[in-house]
Amino acid sequence: MIRSRLFVIVPLVVALSAVLGPWASGQAPAADRSKAPVEERLNRVRADLFSATPRFADDVAALKDVLAENPKSVEAHVLLGLAYRGLGTQEMLAEAIAELRQAIEIDPGVAPARFYLAHIYLDMGRAARAKEELEAALEKAPGNPQFMASLGETERQLKNTRKAVELLRQALQADPSLLEGHYYLGLALFDLGQTTDAMKELEQVVSANAGRPEAYLALGTVYNQASRFDDAVKVLSQGTKLDPARADLRIQLARAYRSKGLLERAEAELMRAQPKADASLAASYVEHQQLEFDLHLELGLVKMKRGQLAAAADALKKALAADPAHGLANNYIAQVYLRQGQFKLASEHAGRAAKAGAPLSENDRKSIDAGLAAKKSGVRE
Amino acid sequence: MTPLTRLAATACVLSPVLLSAQARGNKPTPPLFVDVTAKAGITFVHKSGASADKFMVETFGSGLAWIDYDNDGFPDLYFVNGAPGAPNALYHNNKDGTFADVTERAGVAAIGNGKDAQAVKANKTGVTVGDYDNDGYLDLYVTAFGPNILFHNNGDGTFSDVTAKAGVAGRPNEWSTSTGFFDYDRDGRLDLYVVNYLDYRLDENPYCGLKKDGYRMYCHPTQFDGMADRLFHNNGNGTFTDVSKQAGIANPAGKGLGVTFCDYDRDGDPDIYIANDTVRNFLYRNNGDGTFTDVAYAAVVGFDSNGKPQAGMGVDCADIDGNGYPDIFVTNFSEELNALYQNRGDGTFEDVSATVGMGAAFLPLGFGTKLYDFDNDGDLDIHITNGHVIDNVKLYQTNLTYAQKDLLFENVGGKFRDATAAGGPALQAERVGRGLAVADFDNDGNLDVAISSLGQRAVLLRNQGARSGNWITIRAKGKKSNTFGLGATVKIQTSEGLQVRELNNASSYLSANDVHLHAGLGTARTIQQIEITWPSGARQVLKDVPANQILLVEEPSEKP
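Remember, it's a predicted structure, so these values are computed and weren't measured experimentally.

Caption draft 1: Summary view of the nonpolar core. Counting 92 residues, the largest nonpolar core has L49(A), L63(A), V78(A), L79(A), Y84(A) and Y183(A) as its most contacted members. A per-element tally of this core places helix α8 (residues 111-123) of chain A first, with nine residues. Excluding residues within four positions of it along the chain, L79(A) makes contact with L42(A), V45(A), R46(A), L49(A), F50(A) and L63(A). Residues A65(B), Y141(B), L150(B) and F484(B) belong to the second largest nonpolar core, which totals 34 residues.

Caption draft 2: Expanded view of the pairing of strand β15 (residues 256-262) of chain B. Residue and element names in this part refer to chain B. With seven of seven residues buried, β15 is to be regarded as a mostly interior element. Strand direction decides the pairing type here: β15 and strand β16 (residues 271-276), joined by six bridges, are antiparallel. Its bridge partner being in β16, C262 is matched across the sheet by D271.

Caption draft 3: Region of interest: the sheet that holds strand β10 (residues 159-161) of chain B. Residues and elements named next belong to chain B. What the four strands build is an open sheet, ordered β7-β8-β9-β10; its pairing is antiparallel. The open sheet has two edge strands, β7 (123-130) and β10, and neither has a second partner. Strand-to-strand twist of the sheet, defined as the mean angle between neighbouring strand axes without regard to direction, takes the value 25 degrees.

Caption draft 4: Summary view of the confidence of the model for chain B. Of all residues in chain B, 94% attain a pLDDT of 70 or more, and the chain-wide mean is 93. For this predicted complex, the interface score ipTM comes out at 0.88, alongside a pTM of 0.89.

Caption draft 5: The confidence of the model for chain A, seen in detail. All names here are of chain A. When the pLDDT values of chain A are averaged, the result is 88; 87% of them are 70 or greater. A low-confidence stretch, residues 8-34 (pLDDT under 50), is modelled with 51 contacts involving residues beyond four sequence positions or located in other chains. Scored below 50 in pLDDT, residues 279-283 shows eleven contacts in the model against residues more than four places distant or in partner chains.

Caption draft 6: Spatial organisation of the pairing of strand β20 (residues 327-330) of chain B. Residue and element names in this part refer to chain B. On β20, burial covers both faces: D327 and F329 on one face and I328 and V330 on the other are all buried. Inspection of the sheet shows strand β19 (residues 315-318) paired to β20 by four bridges, in the antiparallel sense. Its bridge partner lying in β20, V315 is registered against V330. One ladder, built from three bridges, connects β20 with strand β21 (residues 339-343); its direction is antiparallel. Paired with I328 across the strands is Y341, a residue of β21.

Caption draft 7: Seen up close, the side chain of R246(A). All names here are of chain A. By the element assignment, R246 lies in the loop between α15 (229-242) and α16 (247-260). On the basis of relative accessibility, which here comes to 9%, the residue R246 falls in the buried class. Within polar-contact distance, the side chain of R246 engages the side chain of D248 at 2.9 Å.

Cut-off values and rules
Residues numbered from 1 in each chain as written. Chains lettered and ligands numbered in written order. Predicted model: local features only at pLDDT ≥ 70, side-chain atom pairs only at ≥ 80, totals over all residues. Heavy atoms only, no water. Core = buried A, V, L, I, M, F, W, Y, C linked by side-chain atoms within 4.5 Å. Buried < 20%, exposed > 50% of the residue type's maximum accessible area, 1.4 Å probe, protein only. Helix = DSSP H or I, 4+ residues; strand = E, 2+ residues; numbered from the N terminus. Contact = heavy atoms within 4.5 Å. Pairing = 2+ DSSP bridges. Axes fitted to C-alpha atoms, helices over the stretch in contact; angles between N-to-C directions. pLDDT = per-residue confidence, 0-100. Polar contact = N/O pair within 3.5 Å; in protein donor to acceptor, adjacent residues only side chain to side chain.

Dropping the structure here:
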């Protein structure tokens, strides 16, 4: 399953403001409306947050000022949650959730807060909580295509893929131009193995030039899966230009290069794809750990293909350090050890690979057994 | 009045002459504190219930409380245990430096009565002390990840579990932490504030940390939602009403671990400060009409000076800089400064954490804390007990340890000097510190400290009075106000200046301090004036009060 990313926040807000006019124009308590300066400041912040180049830190400061005057301003809490989310740091994530939850506590009908909260939950892998919020948002705004699309993605993450496709098609029927709908539908179709249809959806998103690296990553991944490596290289390269710091794009690009036999280029991409560890010990590690794993697995494969077996073993060991039971990683390192003549190690990892559902080929297993037997009979490995 | 014999004033201890002698090594300075746990007969060992599943609740520890449950004038000591089925313990103060375990007789083990499965399974966490029914005896309230328990003091050395009747259990799945009694509506009856932490379920326990043998770690609170606190209004008939929503304190964004009460704006009613973990802290201003407004943004006490939320754990509130307004101190995560918010007296605070000399607290992870005058020199010092939450933290950060030393900061004109070394070996011991509470258990005029550590023996640190100045302890007896005068404001005027203090035993982390007010007086042998403003509004003035005594003060019947 491709991990989706927050795809829609800023572009969507404009649409939401239109859809949910009463909120955007101020369902906040009376104190909010009676103070023109506060209203003006909120308008300025809203305009900035929804602009192409939001200044999140300034917006946070402005919103704190508003909340100092009116701690119960629903809109200020929602916008502050968005601004914190926009800062993009792990340490402010909890605060973003806190602000949005506080807004909902003050006004349970504030559907945008639930929508944004759901997206944070989705990013955190908490799909069940996202579903609760989106269903509550849809009660407030029935048929809203954005909410339906997000609910579709939520169902996909909950492994209810057919329901996801159904919801996403409904959302796109209501609004065929909804890019996030096409994006999520592409992911869902890919999960269902409908690669060609998935490609079509994701190609629509990329060709719309929405500037979202997630779409490039997803399409590149699908191209790789479909062995369309030239297309994968093209689209993933475009993605890395949009966000040069994204390690996952470069790892996927390396995969495409490796598949094309361009091993030096693959390795070069991997060298650039150093996932940044969160400075906070308290961070969940999940995403970072997954990227580290992906990086070392791909590097191991590149090194294998280059015949650099010691380096391959080293990289694959690092991958296995993050996930010792991973089937493919055990499979690959078993192959490396087999080629190195380290039959005992190869056998151990082959066993783990088989246990995890990624057994070595019959030939490789026979070779390992033969090597072990020879060693037992005194023949030097 | 109960005058006690007392050491002669020793304020000269800090004189340059003596300091110089110490520097030359002529005479070793006795340590400030001595670990008297074993001598006192305290054998309590906390059980955390730590498991390979790394349930978060296993690592947050439990608290303790000082409670003179039999009104014999000597504070007794109550420890909360963590793991389900592990008994809490009540130690009676024998008045000779030793304690006796009276848990069984008192009936406060809090291990459930076998009928309530939820109570039996509960991980117990915090505790507070107060006389909620104004019968003259201090009661106990114990919080838990599970149903909380109210123990009514029967006045005969035993307690009764009256939780069901009182209606203060909370929901069975609530993870309650710190708690405190206070009279927010000043009706003479103590109400109850219960801090809640996370919306956490044992059957939803994600794997956190690296997937390597031994690397599983306790999860970060970001992975769970917060949970709204509860405020129980005392109905005056042994029952309480949950008024959390109408009072305005039911904010589900909170991930609260610490609570304290003080009248930060000096408008005569108690306000509430909540230390939240990884989200901003709350300051609930008492509106005086039964409701509160969270003014953390306006007062600038929600974040650090960079605008980031911190991992608040323990908290206390008292006037550190002597301007008459209570400041707020919060212990935080490792690699975060503990926060000291200095009250400007205009409704706002200034975060002075980085400039007051507490840099030594940057690496340790602070939990229990108390602002108290350990050397009786007339200003409030800071004691912090530390310990990480991640038992295998060393695997992730080699510069951090699970068990850590306490920190003792001496107040020197509003700045702080690390006095831990002077604390002696008792403060050098590393522990996984959690709860901390203060009382003068031997009535010698020096505040002593008890600490509860995660999965370890508790410690009782006796303050030897090595640097002690003069002092006064005020035991308040309310009439119209609650019986122990919690919430009273006390102004103490001596030749050395004015101290403004409040009677509040709810602070630190999961813990409760002695309900009596202790103040160091420095060189002053006589207090020129003590002015007490009772929660009822009654004002009382005492003149020319001799120092070094335990002073029993009864609330006057009528307002002057």
